[in-house]
Amino acid sequence: MSLTSRRNFLKLLLSSGALAISGSYVSSPQFKRVIHSIYSSQPNALTPEASWYRVQIGPTPHVATSNYSIEVFGDVKNPFSLSYSELLSMKSVTLKDTIQCVSDPNFLRANVVWTGVPLKDVLALAEPSNEAIKVMFMSHDGYMTDIPMWKALEPDTLLAYMADGNPLPADHGSPVRAVVPRWWGYKYAKWIKRIWIVKEDYVGYWESMGYPDIARKG
Ligand SMILES: Nc1nc2c(c(=O)[nH]1)N[C@H]1C(S)=C(S)[C@@H](COP(=O)(O)O)O[C@H]1N2
Ligand SMILES: [Mo]
């Protein structure tokens, strides 16, 4: 196949959601080149769910939305438990963003329209102390990541429960994940269980292995 016809063929596969190619081909340089060319010809198109990459430290924890709640605690005046329905009743924001993994930002990336509640509105209910400097996300798979308080207070840092107008897919963090625009994917905690507000300079899983704590995309 010529490059152009192969590119069109792959576009068709990607948009029909029928992508079924072996893992070794998916990680091959040829496949990456084709994906790069698709993204550079359509850099802003939404990524079909079937071709949205997935990166995680273990298997997907299947967390039911019924009885789901997030524990908000730590160096705050009012620790509380936020249920799924309470979160959905709060004022939401919808925005388009590109989630990208630091390990291969061109290949491992997806354009997504997220819907969720600004984290700052949830923090306001908890009333962090003046000494609180960080927000730690603790997830159902044991993953942890952190963001500084100033980033947590930006209006587009979200607790997201929808992607492209549908409830979050299980593999992408259902019921609720973090969305941290302009920062690397490892800050986008999936399957959030607890939000821990701290005055110490703690770091998360990848951060403790040397990935930047202030994770602005290159
Ligand atoms: N709970 C949890 N959240 C996580 C991870 C994880 O292993 N566990 N991986 C992070 C990394 S490294 C990336 S790049 C993104 C990938 O999100 P996606 O699989 O929805 O594309 O999730 C982030 N959030
Ligand atoms: Mo990542």
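Since the structure is predicted, the reported quantities are computational estimates derived from the model, not experimental observations.

So, how was this worked out
- Note that residues are indexed from 1 along each chain, following the sequence as it is written.
- Key to labels: chains lettered from A, ligands numbered from 1, both in the order written.
- Confidence filtering applies because this is a predicted model: local features only for residues at pLDDT of at least 70, side-chain atom pairs given and counted only at 80 or more, and all residues used for totals across whole chains, interfaces and linings.
- The basis for every side-chain value is the complete set of non-hydrogen atoms in the structure, without hydrogens or water.
- When DSSP finds two or more bridges between a pair of strands, those strands are recorded as paired.
- Working definition: helices are DSSP H or I runs of at least four residues, strands are E runs of at least two. Numbering for both runs from the N terminus.
- Fitted lines through C-alpha atoms serve as axes, helices being fitted only where they are in contact, and the angles separating the N-to-C directions of these axes extend from 0 to 180 degrees.
- Throughout, near means a residue has at least one heavy atom within 4 Å of the molecule or strand.
- The definition of a polar contact used here is a pair of N or O atoms within 3.5 Å, where within protein one atom must be able to donate a hydrogen and the other to accept one, and adjacent residues in sequence count solely through side-chain atom pairs.
- Under the convention used here, a 1.4 Å probe and the Shrake-Rupley method define accessible areas, while residue burial counts only the protein chains that appear.
- As a working rule, the residues Ala, Val, Leu, Ile, Met, Phe, Trp, Tyr, Cys and Pro are called nonpolar, Asp, Glu, Lys and Arg charged, and the rest polar, with Gly in that last group.
- Patch criteria: residues need more than 30% relative accessible area and no salt bridge. Like-charged residues are merged within 9 Å; nonpolar side chains of Val, Leu, Ile, Met, Phe, Trp and Tyr are merged within 5 Å.
- A pair is scored as a salt bridge if a Lys or Arg side-chain nitrogen falls within 4 Å of a carboxyl oxygen belonging to Asp or Glu.
- When checking whether two residues touch, look at their non-hydrogen atoms; a contact exists if any pair is within 4.5 Å.
- The criterion for an aromatic pair is that two Phe, Tyr or Trp rings (for Trp, the six-membered ring) have centres within 6.5 Å, with stacked assigned to planes under 30 degrees apart, edge-to-face to planes over 60 apart and tilted to the rest.
- Relative accessibility decides the category of a residue: with a 1.4 Å probe and only protein chains considered, values under 20% of the type maximum give buried, values over 50% give exposed, and everything between is partly exposed.
- The arc under discussion is defined with respect to the helix axis, by the directions toward the C-beta atoms.

> Which parts of the structure should I look at to understand the sheet that holds strand E1 (residues 69–74)?
The strands that make up a sheet are held in pairs by hydrogen bonds between backbone atoms, and each pair lies either parallel or antiparallel. Spatially, the five strands line up as an open sheet ordered E2-E1-E10-E5-E6, and their pairing is mixed. Edge positions in the open sheet fall to strand E2 (80–83) and strand E6 (144–148), since each of these has one partner strand only. The mean inter-strand angle of the sheet, taken between neighbouring strand axes irrespective of direction, is 20°. Bridging between E1 and E2 involves four bridges; their strand directions are antiparallel.

> Would you mind showing me how to read the site of ligand 1 here?
Lining the immediate environment of ligand 1, one finds 20 residues, of which Ile57, Asp141, His172, Arg177 and Lys190 sit closest. One of the side-chain nitrogen or oxygen atoms of histidine 172 is found 2.7 Å away from an oxygen atom of ligand 1. For ligand 1, the accessible surface in isolation is 530 Å², of which the surrounding protein chains cover 99%. Across the shell around ligand 1, the residue classes tally to 12 nonpolar, four polar and four charged.

> Looking at this structure, how should I read a nonpolar patch on the surface?
Together, Ile57, Tyr205, Met209 and Tyr211 make up a nonpolar patch on the protein surface, roughly 350 Å² of accessible area in all. Note on placement: tyrosine 211 falls in the segment after strand E10 (192–198).

> Looking at this structure, I do not really get the side chain of lysine 134. What am I missing?
Mapped onto the elements of the fold, lysine 134 is located in strand E5 (residues 134–139). Sequence-distant contacts of lysine 134, that is, excluding residues within four places in its chain, are made with Asp146, Ile147, Pro148, Met149, Trp196, Ile197, Val198, Glu200, Asp201, Tyr202, Val203 and Asp213.

> What's the story with the packing of aromatic side chains in this structure? I'm lost.
Given two aromatic rings, one states the distance between the centres and the angle between the planes to describe the pair. Evaluated as defined, the whole model comprises 10 aromatic pairs. Seen from their ring centres, tyrosine 68 and tyrosine 84 are 6.2 Å apart, and the 80° between their planes marks the pair as edge-to-face. Taken as a pair, tyrosine 68 in the loop between helix H3 (29–41) and E1 and tyrosine 84 in helix H4 (residues 84–89) lie far apart in primary sequence, 16 residues in all. The two residues tyrosine 68 and tyrosine 84 agree in class, both being buried. With 4.9 Å between their ring centres and 85° between their planes, tyrosine 205 and tryptophan 206 make a pair best called edge-to-face. A relative accessible area of 28% means that tryptophan 206 is categorised as partly exposed. Among the aromatic residues, ring-to-ring pairing joins Tyr143, Tyr186, Tyr205, Trp206 and Tyr211 into one connected group.

> Would you explain the pattern of salt bridges in this entry?
Side chains carrying opposite charge are able to pair once their charged atoms draw close together. Taken as a whole and judged by the stated rule, the model has 14 salt bridges. Taking the shortest distance from any N to any O, the salt bridge between lysine 187 and aspartate 213 comes out at 3.3 Å. Pair noted here: lysine 187 is in the loop between strand E9 (177–179) and E10 and aspartate 213 is in the segment after E10, with a separation of 26 residues, a long-range link. Judged by relative accessible area, which is 0%, lysine 187 ranks as buried. Across the salt bridge formed by lysine 199 and glutamate 200, the nearest N and O atoms sit 3.9 Å from each other. Accessibility expressed as a relative area gives 45% for lysine 199, which makes it partly exposed. Residue glutamate 200 is classed as partly exposed on the basis of its relative accessible area, which comes to 31%. The network of salt bridges with common partners includes Lys134, Asp146, Lys187, Asp201, Glu207 and Asp213.

> I keep staring at helix H5 (residues 119–126) and nothing clicks. Help me out?
Because the α-helix completes a turn every 3.6 residues, residues three or four places apart line up on one side. Buried within H5 are the following residues: Leu119, Val122, Leu123 and Ala126. The buried residues of H5 occupy one face: seen down the axis, they fall within an arc of 100°. With its phi angle positive at about 55°, glutamate 127 sits one or two positions after the end of H5.

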